[in-house]
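If you want the building blocks of each chain, they are given just below.
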Amino acid sequence: MFLTFEGIEGCGKSTQIARLAGHLRKRGIAVTLTREPGGSPIGKSLRALLLSESYSVAPETELLLYAAERAEHVARVIRPALASGKWVLCDRYGDATRAYQSWGRGLPRVAVEAAHAIAIAGLEPDLTIWLRLDACEAVSRARSRNRRLGSAEGRFEAEALAFHRRVAAGYEALAAEFPNRIVPVDGGGDVDVVFGRILGALEARHALA
């Protein structure tokens with residue numbers, strides 16, 4: 001099973017994907033937990049460049065850097081893990097590129113899809129959990145988290161609220177476009193309640209026995 005988690009900054013996906021990985025391991029399922037950007041050795045270096053507030057890059061550069069990072073991630077981490085019989089849980093994947101670079105940055109969808117297609121060589125997720133959360137609440141969460149942790153990865157959190165609303169609208173559109181793959185889950189409320197919703201959604205899609 002190749003399962004991805006998606007959503008805007010501060011939606012809680014990193015917390016929830018880690019919880020799901022732990023839940024699956026307790027059930028005896030071998031899991032590779034990874035993320036984008038940063039899931040491969042080269043990706044770790046690109047992550048610092050892509051998320052740091054110290055850098056400003058053109059939207060086209062951003063798209064191609066994400067595609068390069070994904071190509072390496074798929075080849076070095078995701079495909080080998082799937083081939084060995086593991087579940088792969090990935091924090092962000094192609095839908096993030098679609099939502100952020102096409103809806104958020106305004107790049108043509110055809111260009112975004114072309115770059116993504118080269119990077120993945122046909123490897124789409126079996127299922128995607130999309131955590132829906134109001135953009136204002138989510139960004140407030142993300143900025144508070146970064147201040148608390150002293151994080152240097154705040155380039156997207158620093159974007160205007162209008163940007164995050166465009167990204168959220170992108171995810172809405174993608175969920176309508178790919179209803180058989182993208183599963184919307186309410187990301188509001190207590191983390192335990194949200195995790196219960198995720199398990200329920202996976203069971204409803206027969207991803208968990």
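See the structure shown above.
Residues numbered from 1 in each chain as written. Predicted model: local features only at pLDDT ≥ 70, side-chain atom pairs only at ≥ 80, totals over all residues. Heavy atoms only, no water.

Colleague: Mind laying out the environment of Trp130, listing which residues take part and the relevant values?
Modeller: Tracing the backbone through its elements, the reader meets Trp130 in strand β4 (residues 127-132). Residue classification places Trp130 among the buried positions, given a relative accessible area of 5%. Separated by 53 residues in sequence, Trp130 and Val183 place their C-alpha atoms 5.8 Å apart. The residues contacting Trp130, other than those within four sequence positions of it, are Glu6, Gly7, Tyr171, Glu172, Ala175, Ile182, Val183, Pro184 and Val185. (Helix = DSSP H or I, 4+ residues; strand = E, 2+ residues; numbered from the N terminus. Buried < 20%, exposed > 50% of the residue type's maximum accessible area, 1.4 Å probe, protein only. Contact = heavy atoms within 4.5 Å.)

Colleague: Outline the packing of aromatic side chains, listing residues and values.
Modeller: Tallying each qualifying case throughout the model produces three aromatic pairs. Stacked on the ring of Tyr93, the Lys or Arg Arg70 has its end atom at 5.2 Å from the ring centre. (Phe/Tyr/Trp six-rings, centres within 6.5 Å; stacked < 30°, edge-to-face > 60°. Lys NZ or Arg CZ within 6 Å of the ring centre and 35° of its normal.)

Colleague: Can you break down the packing of helix α3 (residues 59-83) against helix α4 (residues 94-104) residue by residue, with the values?
Modeller: Put simply, α3 and α4 touch, their axes get as near as 11 Å, and they point 180° apart. Comparing the axis directions of α3 and α4 gives the class roughly antiparallel. Residues Glu62, Leu63, Tyr66 and Arg70 of α3 form the contact with α4, whose participating residues are Gly94, Thr97 and Gln101. (Axes fitted to C-alpha atoms, helices over the stretch in contact; angles between N-to-C directions. Parallel < 35°, antiparallel > 145°, perpendicular 65-115°, else oblique.)

In short, geometric facts, not functional conclusions.
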